[in-house]
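Observations on chain architecture
If you want the building blocks of each chain, they are given just below.
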There are 2 protein chains.
Amino acid sequence: MNTSSVDLNTGASTWHVVEDRFVPSLAAGRESIFTIGNGHLSTRGSFEERIPGEVRATFIHGLFVTPPGELPLLGAVPDWTELAMTFDGHPFGADGALGGYRRSLDMRTGILEREVLWRASESGVVKVRFRRLVSMAQPRLAALEVTLTALTNPVELWLETGIDTAVPSPSFSVWNPLRWSRPSKSNLRLEAASIDGAHRLVVETSLSGPGRLEMIRDPHHHRFTSQTMLPVGRPVTFTKFTVYHSSRDSGEPAAPPGPDVSFDKVAAASGRAWARRWQAATIDIDGDKIAERGVRFAAFQVIGASPSDDTGAAVGAKLASGFGYRHHVFWDTDIFIVPYLTVTLPGLARNHLGYRYRGLDGARRKAKRYGREGAFYAWESADTGDEVTPEWTSPSFGPPSRIWTGEIEEHITSDVAFAAHNYWRWTGDDKFMRDEGMEMIVEGARYWASRLQIEANGAHIRGVIGPDEYHSHVDDSFFTNLMAGWHLRTAADLVEHMVVDTPRVAASMSSRLGIGPAGPESWRRLADDIVLLDRADGVWEQHAGFFELEPVDLSKFTPRLKSMYDLLGMERAERSQVIKQADVVMAMSLHPEAVGSRPRRKRNWDYYIERCDQGSSLSMAVHARVAADLGLGGEAYDLFRAALAIDLEDIMGNARDGLHAATQGGILQATIFGFAGLRLEGDEPVLRPNLPDSWDRMGFSFFHRGKRFERELTGTKARRRRAASPKSTKDKEERA
Amino acid sequence: MNTSSVDLNTGASTWHVVEDRFVPSLAAGRESIFTIGNGHLSTRGSFEERIPGEVRATFIHGLFVTPPGELPLLGAVPDWTELAMTFDGHPFGADGALGGYRRSLDMRTGILEREVLWRASESGVVKVRFRRLVSMAQPRLAALEVTLTALTNPVELWLETGIDTAVPSPSFSVWNPLRWSRPSKSNLRLEAASIDGAHRLVVETSLSGPGRLEMIRDPHHHRFTSQTMLPVGRPVTFTKFTVYHSSRDSGEPAAPPGPDVSFDKVAAASGRAWARRWQAATIDIDGDKIAERGVRFAAFQVIGASPSDDTGAAVGAKLASGFGYRHHVFWDTDIFIVPYLTVTLPGLARNHLGYRYRGLDGARRKAKRYGREGAFYAWESADTGDEVTPEWTSPSFGPPSRIWTGEIEEHITSDVAFAAHNYWRWTGDDKFMRDEGMEMIVEGARYWASRLQIEANGAHIRGVIGPDEYHSHVDDSFFTNLMAGWHLRTAADLVEHMVVDTPRVAASMSSRLGIGPAGPESWRRLADDIVLLDRADGVWEQHAGFFELEPVDLSKFTPRLKSMYDLLGMERAERSQVIKQADVVMAMSLHPEAVGSRPRRKRNWDYYIERCDQGSSLSMAVHARVAADLGLGGEAYDLFRAALAIDLEDIMGNARDGLHAATQGGILQATIFGFAGLRLEGDEPVLRPNLPDSWDRMGFSFFHRGKRFERELTGTKARRRRAASPKSTKDKEERA
């Protein structure tokens, strides 16, 4: 018998996430963890057979559907994974007849495998192995294989599998079947339309295996059946390929591979495509298996969920692993994902920026609605870039609460600009900046210029929500104001730079956007006037009046599973100094110098860390990154480990709704930008490492201006032995 | 927020087992893990408030009850832990209002603590801390404390707690209340009788805390109530002491401590008593926290479940942590627990041997029933030593199966003799040997002498079950025959030794038991005639015909959660070479030299390890011990880690029924006798260490003839560096 655990951080290989027990109450969360994606399709790790409480879904980027009276959501497309079996008449499923169980995600190749021993009847044991993948080589292709071995007695198998349109998203199906057909004996084809009429979809599946294929013509779920005897000791294999082709795709639908193609062949091609991505994305951490597995998991999920050939789609707040937030795109992507992709797989970062550029008209419409100029990006966006944040929560119990973020969490506009500008700095992609980036940044600057309230004592931004969402309608949010100032100055720099470098482009843009020659200069003056509040000891005030709010001793509220917001209630939290997440600390991670000298940053850290609830999945990894940068090794590592646990141990209790994009991106950024200390100084990439004590070595690579740099760092222990003096900070610098 | 996990092997301190999430489907298993015991009382870690699926129980050693038509079982006594509360009218419990959760067992002091944050209503958060212990200083005393702190708003508390007789064991209560009384305003007293009339019990509880105490006079569950306001920020404490006094105790019932005594005071006394035990029982393992925590857990549970002042009771197969096996005593105690206690806390080993001596008459009755002489120990025994093994299984589904162990698993008689003889060798307790040990051993020898079937080709024992219970009614079980031979020779040695040393005692015993002067000599001749089957390469045949059974390739049956017995079914398993557990390997652990030279033992290991299902909780730790002894470091460690997981990760899926005594004892024995290599050579204790690679240092102590020896061992890595040559085995010896 194997050592078994419900914990996923076991096993020797850090390239695998292994589950060796089936715990019903954890199953829906595990479906999120075992999601596989290929940059186009993403499929949750639901079992082939149905189980109670499952949240079955395959998502295709960009196929947003708007059910009547609802906001758009990325619905589940018709399902390719469902497969039902009986052995000697006994339905196969994860119940009492389960004699063995192991599920393993191979992150190197993207193959999800499940092995089960099943006691079919009084005398027969069947070994069942499922393998599935969504091909990284052919993004519209999904492959499923089931291999059955009767270990003790011949067993009669009945198998059913097809295309299931009756998959709730998450409460009802958003695809209507239009036409079923059978292009060949072993092929089944569906044409479907989204319930809002916006999209068409063709799904074709091929099935090969023993037995004569019959067809069950359930209107919502056509499926093949096969009946066969499983001989003792000889594996019997069924292979199913499914191809999706939507009205967003060009060309004609391709047919799925036929019976001459094996799962292994498709897997090999997909594995080679994954290998190319891992060449850029692999981070090795010697001496800390949990961290190494954690960063592999983060990279696997971020890469799998990042649109690879589509600039009309972007990574949602739950990656593409659940129905949480309807797959809407938040600043999570711009700030927590894109900077990572920029230095690792810049093509994927570029796709996202293309999505934001396509969303610019929606952002202009939003600015106009508030009577302002330029572009005000949507807090949540779906396909068009228009604002799709709901106005009310829909709790299971109790009255709904008003959601203000779509109206006043304004820093999003600068977050988009930050992602674009940072991409340009690292890649030197001037074409992007000329064609798309500049326009986004300038339109955002024009928004801020029209938004600022100029008074005798400075320029204010009143009535916003900052990153700390426990406090709303605040004035002069430090993060928001700092970002707005940075945004205005950056836009000014870019325009002036363009006037010199490419005067023709500059002239055309200036006239199109209505920027006079004095524009840049006025933006700079405005930026200088923006109010940033602080007190005598150098601690920045998160927003006007924060220092006067009720202090709460968070240490009394332990052990804690819920956020302080949930515990205290909305009104009470809003009146107190409890903050949801990194806010001033968030500013430190993006613009450390602007927050101040290292001692000043440390004072701000000390003040805010003890008021921080870590009540958001966006918080811990950012704190880890900043702590590493401040040389707070132990704290940085503890926060990092806690961030690793958010999804893999489901410590927020909501993994069922999908993985946390900001957490997974944040983990990668804490590793590369925090522990390895990668940054640009001027135009030069530089490493200022602060590796955790337990890390003997960290190896990774990054891109800068089209070149890949491979780097190996030695653990801080060894480093400390070499340079024991406190003045040795300088020695830590390594030119990249 | 804390990093949270359903895994118990987290956290920094190896003196603690910490659970920081509540998972309903794991809860009943966790109740077993969080059992606290003091050598008299054992209480499962059920919550104070009732939850669905709980298995609530406090056990008192020796209080076996025989419900009508059933076998005796150690039933749950009336409960001291139940405590119900409402906050502003909302019932407290582990449901949606749970805002924080941590349960922590401090193994050093024996205190089980649970901290919960509870959202009492829209606006109020209450911190609830429970602490409980069963006093190691006063074994009949249990203490419970609950501390409530309103963190945000005043909250109205309603609290109920008393003595609950309606505790199923496990399907109905086995105690009838006879009389309730209220000796004082804050004391509640119950006199109860067991349903078979065999025992009486007095339970008295005292409650102190704020509010006026009222009484609810539920006939099965009298309880105090208190109503009070919890002020903000000021902790409010209720303290409850409960004293049990049964008809097996002498003297008058003591009253529980009054309101002048705090929980901390009782805890301090109990902690000092634990400290004395830990002085003898602490095993330190540097470099392997999971192992260090695992051996602490094993020692904590074994010591807590070992009767400390009662030779009429013994450790059951589930320690005293669940209803599994009705607390019946198996060879698990003699072979897996007592040798550990013998070298650590020999007084506890002695108590067990007293229990076996009291059971001798039952064993004589069993021998007589089969028409044999001497004593045939019960495979399962309860209070009297009579056989109490059920004859049929009682499965939830399907037909029952016949259980033969009570009739033919005969090696138990020699297992008892082994425990007694081993105790005597280590302690030099001649008085025990003279007064009790000799009689047990000799009566067992007389059993074997009458049992052996003497034929031309040797003496046989036919129709038995050996340790491998997948095969029953086998002839010439290697383990059984080897133990019988050892037993006969040992008895002969002891009798001859006694005739020389204490002729008067010898004469009295010989006449009482009817041993003629030729007896010892005839036992020795018989022993020499006992058949032990082997084949040319030196592999012993587990029993006659084993080599001809159907081979099964166990590697095909992976991943496996169930035993091969469950997977294949009884008949099929019986016809195959799949074995349940260490059998020939078990013999190697007790009598290595008798099995053969080290190369021969290695050949036997190789043959049997690949046929072993590890289908018993008795198996893996023994394998680990033997592998360590054979120098198979990696295998030994893997098996050891798997053994650690049996209860703490519930890999057999039955932790709900109680912890596995043989696993926990086996872990301790693998550590001390396997990895540290403690053994007697002649009369001298010797260490032949084989520490796992990851262990930097192991520190422990042992008793030999009344003296405590403290020893520190260095990890094998360091040792290997010192002595790289393969001939350095000798160097590893360390005189104790």
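Everything discussed here concerns the structure shown above.
For the structure given in this document, a descriptive report is provided here. (Residues numbered from 1 in each chain as written. Chains lettered and ligands numbered in written order. Predicted model: local features only at pLDDT ≥ 70, side-chain atom pairs only at ≥ 80, totals over all residues. Heavy atoms only, no water.)

With that out of the way, let us pick up the overall build of chain A. Along the backbone of chain A there are 21 helices and 28 strands. The globule rule puts the C-alpha radius of gyration for 736 residues at 27 Å, and the 27 Å found for chain A is close to it. Once the C-alpha set of chain A is aligned to its principal axes, its extents read approximately 85 × 60 × 55 Å. Long-range pairs, those at least 24 residues apart, make up 67% of the contacts in chain A with a sequence separation of at least 6. Summed over all atoms, the accessible surface of chain A reaches about 25900 Å², with 50% contributed by carbon and sulfur. Taking the 88 positively charged and 96 negatively charged side chains of chain A as two groups, their mean positions are separated by 4 Å. (Helix = DSSP H or I, 4+ residues; strand = E, 2+ residues; numbered from the N terminus. Rg over C-alpha atoms; globule rule 2.2 N^0.38 Å. Contact = heavy atoms within 4.5 Å. Areas by Shrake-Rupley, 256 points an atom, 1.4 Å probe, with all protein chains shown as cover. Lys, Arg positive; Asp, Glu negative; His and termini not counted. Charge placed at Lys NZ, Arg CZ, Asp CG, Glu CD.)

Helix length check: helix H2 (residues 263-281) of chain A (19 residues) gives 26 Å between terminal C-alpha atoms against 27 Å at 1.5 Å per residue, within 8%. Looking at H2(A), one finds that the buried residues are A:Phe263, A:Val266, A:Ala267, A:Ser270, A:Gly271, A:Ala273, A:Trp274, A:Arg277, A:Trp278, A:Ala280 and A:Ala281. (Expected span 1.5 Å × (residues − 1). Buried < 20%, exposed > 50% of the residue type's maximum accessible area, 1.4 Å probe, protein only.)

With that settled, consider the interface of chain B and chain A. The partner chain A presents 46 residues to the 47 residues of chain B that form the contact. Carbon and sulfur atoms supply 57% of the area that chain B and chain A bury against each other, a total of about 4400 Å² over both sides. Where chain B meets chain A, there are zero salt bridges. Inspection of the region where chain B meets chain A yields 21 residue pairs in polar contact (both at pLDDT 80 or more). By residue number, the principal contributor to the side of chain B that touches chain A is strand E9 (residues 98-106) of chain B, which donates five residues. The residue inventory of the side of chain B that touches chain A, partitioned by class, reads 17 nonpolar, 14 polar and 16 charged. (Buried area = accessible area lost by both parts, 1.4 Å probe. Salt bridge = Lys/Arg side-chain N within 4 Å of Asp/Glu carboxyl O. Polar contact = N/O pair within 3.5 Å; in protein donor to acceptor, adjacent residues only side chain to side chain. Nonpolar A, V, L, I, M, F, W, Y, C, P; charged D, E, K, R; others polar.)

The subject of this paragraph is the packing of aromatic side chains. Within this structure, the stated rule accounts for 62 aromatic pairs over all chains. In textbook terms, an aromatic cluster arises when at least three aromatic residues are bridged by ring pairs, as seen for A:Tyr325, A:Phe330, A:Trp331, A:Phe336, A:Trp379 and A:Phe479. Above the ring of A:Tyr607, the side-chain terminus of A:Arg611 is found at 3.8 Å from the ring centroid. Above the ring of B:Trp392, the side-chain terminus of B:Arg402 is found at 6.0 Å from the ring centroid. (Phe/Tyr/Trp six-rings, centres within 6.5 Å; stacked < 30°, edge-to-face > 60°. Lys NZ or Arg CZ within 6 Å of the ring centre and 35° of its normal.)

This part is about the pairing of strand E16 (residues 200-208) of chain A. Along a regular strand, successive side chains alternate from one face of the sheet to the other. Residues and elements named next belong to chain A. Across the nine residues of E16, eight count as buried, placing the element largely inside the fold. One ladder, built from seven bridges, connects strand E15 (residues 187-194) with E16; its direction is antiparallel. Residue pairing across strands places Ala193 opposite Arg200, the latter belonging to E16. Where E15 folds back onto E16 in an antiparallel hairpin, the turn is made up of five residues, including Gly197, whose phi is positive at roughly 75 degrees. When E16 meets strand E19 (residues 236-246), the two strands line up antiparallel, connected through eight bridges. The residue of E19 that forms the bridge with Ser208 is Thr239. (Pairing = 2+ DSSP bridges.)

Moving on: unusual backbone geometry. In most cases, non-glycine residues show a negative phi, while peptide bonds are predominantly trans. With omega at -20 degrees, the peptide bond leading from A:Ser169 into A:Pro170 counts as cis. Structurally, A:Pro170 can be placed in the loop between strand E13 (155-162) and strand E14 (175-184). In the Ramachandran plot, A:Leu319 falls in the positive-phi region, its phi being about 50 degrees despite a non-glycine side chain. Structurally, A:Leu319 can be placed in strand E21 (residues 317-320). At B:Asp650, a position not held by glycine, the phi torsion is positive, near 50 degrees.

This part is about the sheet that holds strand E2 (residues 36-37) of chain A. Residues and elements named next belong to chain A. Pairing is antiparallel across the open sheet formed by three strands, whose spatial order is E2-E3-E4. Looking at the sheet topology across the chains shown, the edges are occupied by E2 and strand E4 (58-60). Pairing between strand E3 (residues 41-43) and E4: three bridges, direction antiparallel. By the bridge assignment for E4, Thr43 is matched with Thr58.

Okay, the sheet that holds strand E16 (residues 200-208) of chain B next. All names here are of chain B. The strand order across the open sheet built from nine strands is E1-E9-E10-E11-E12-E19-E16-E15-E14, with neighbouring strands paired in antiparallel fashion. The open sheet terminates on both sides in strands that have one partner only, identified here as strand E1 (16-19) and strand E14 (175-184). Across the sheet, the mean angle from the axis of one strand to that of its neighbour is 15 degrees, orientation sign disregarded. Contacting strand E10 (111-119), strand E11 (125-134), strand E12 (141-150) and strand E19 (236-246), helix H2 (residues 263-281) crosses the sheet at an angle of about 40 degrees to E11. (Axes fitted to C-alpha atoms, helices over the stretch in contact; angles between N-to-C directions.)

Now for the pattern of salt bridges. Two side chains carrying opposite charge are able to pair once their charged atoms lie near each other. One pass over the structure, following the stated rule, counts 120 salt bridges over all chains. The partner of B:Arg223 in a salt bridge is B:Asp218, and the shortest N-O contact between them spans 3.5 Å. Of the charged contacts, one joins B:Arg697 and B:Asp284 as a salt bridge, the two residues approaching to 3.8 Å between their closest N and O atoms. Separated by 413 residues along the polypeptide, B:Arg697 in strand E26 (residues 697-704) and B:Asp284 in strand E20 (residues 284-286) bring together distant segments of the chain. Assessed through its relative accessible area of 24%, B:Asp284 is described here as partly exposed. Several salt bridges share partner residues, and in doing so they unite A:Asp361, A:Arg364, A:Glu373, A:Glu439, A:Glu443, A:Arg446 and A:Arg512 into one network.

Residue and element names in this part refer to chain B. Of all the residues in helix H6 (residues 360-369), the buried ones are Leu360, Gly362, Ala363, Lys366 and Ala367. Across the axial projection of H6, the buried residues extend over an arc of 155 degrees, all falling on one side. Summarising the geometry of H6, the exposed residues directed more than 90 degrees from the buried face are Lys368 and Arg369. The secondary structure elements touched by the buried residues of H6 are helix H5 (346-358), helix H7 (405-408) and helix H9 (430-451). Directly beyond the C-terminal end of H6, a positive phi value near 75 degrees is found at Gly371. (Arc of directions from axis to C-beta.)

Moving on, we come to the relation of the copies chain B and chain A. Expressed as a screw operation, the relation of chain B to chain A combines 0.1 Å of axial shift with a rotation of 180 degrees, fitting to an RMSD of 0.0 Å. Those values place the two copies in the arrangement expected of a two-fold rotation axis. Scanning chain B for the C-alpha nearest the rotation axis identifies B:Asp7, at a separation of 3.1 Å. Looking at chain B, 98% of its interface residues are interface residues in chain A too, so the copies touch through the same face. (Least-squares fit on C-alpha atoms with pLDDT ≥ 70 in both.)

Before going further, it helps to examine the pairing of strand E10 (residues 111-119) of chain A. Residues and elements named next belong to chain A. In terms of burial, E10 is largely enclosed, as eight of its nine residues are buried. Examined bridge by bridge, strand E9 (residues 98-106) and E10 share eight bridges and lie antiparallel to one another. Bridged to Arg103 within E10 is Arg114. Hairpin remark: E9 followed by E10, antiparallel, with four residues in the connecting loop; positive phi at Gly110, about 80 degrees. Bridging between E10 and strand E11 (residues 125-134) involves eight bridges; their strand directions are antiparallel. Bridge assignment links Trp118 to a residue of E11, and that residue is Val126.

The next thing to look at is the environment of B:Val174. Residues and elements named next belong to chain B. Looking at the secondary structure, you find Val174 in the loop between strand E13 (155-162) and E14. You can call Val174 buried: its relative accessible area is 0%. Separated by 20 residues in the primary sequence, Val174 and Ser194 have C-alpha atoms spaced 5.7 Å apart.

Examined against the element boundaries, A:Glu410 turns out to sit in the loop between helix H7 (405-408) and helix H8 (412-427). Setting aside residues up to four positions removed in sequence, A:Glu410 forms contacts with A:Arg372, A:Phe376, A:Tyr447, A:Trp448, A:Arg451, A:Val464 and A:Ile465.

All names here are of chain B. Where helix H8 (residues 412-427) meets helix H10 (residues 478-501), the axes come as close as 10 Å, and the angle between the chain directions of the two elements is 45 degrees. By the angle between their axes, H8 is oblique relative to H10. Crossing angle aside, the handedness with which H8 passes H10 is left-handed. The segment H8 lies against H10, with Thr413, Ser414, Asp415, Ala417, Phe418, His421 and Trp424 engaging Phe479, Met483, Ala484, Trp486, His487, Thr490, Leu494 and His497. Considered class by class, the residues forming the contact of H8 with H10 number eight nonpolar, six polar and one charged. (Parallel < 35°, antiparallel > 145°, perpendicular 65-115°, else oblique. Left-handed = near helix turned anticlockwise from the far one by under 90°.)

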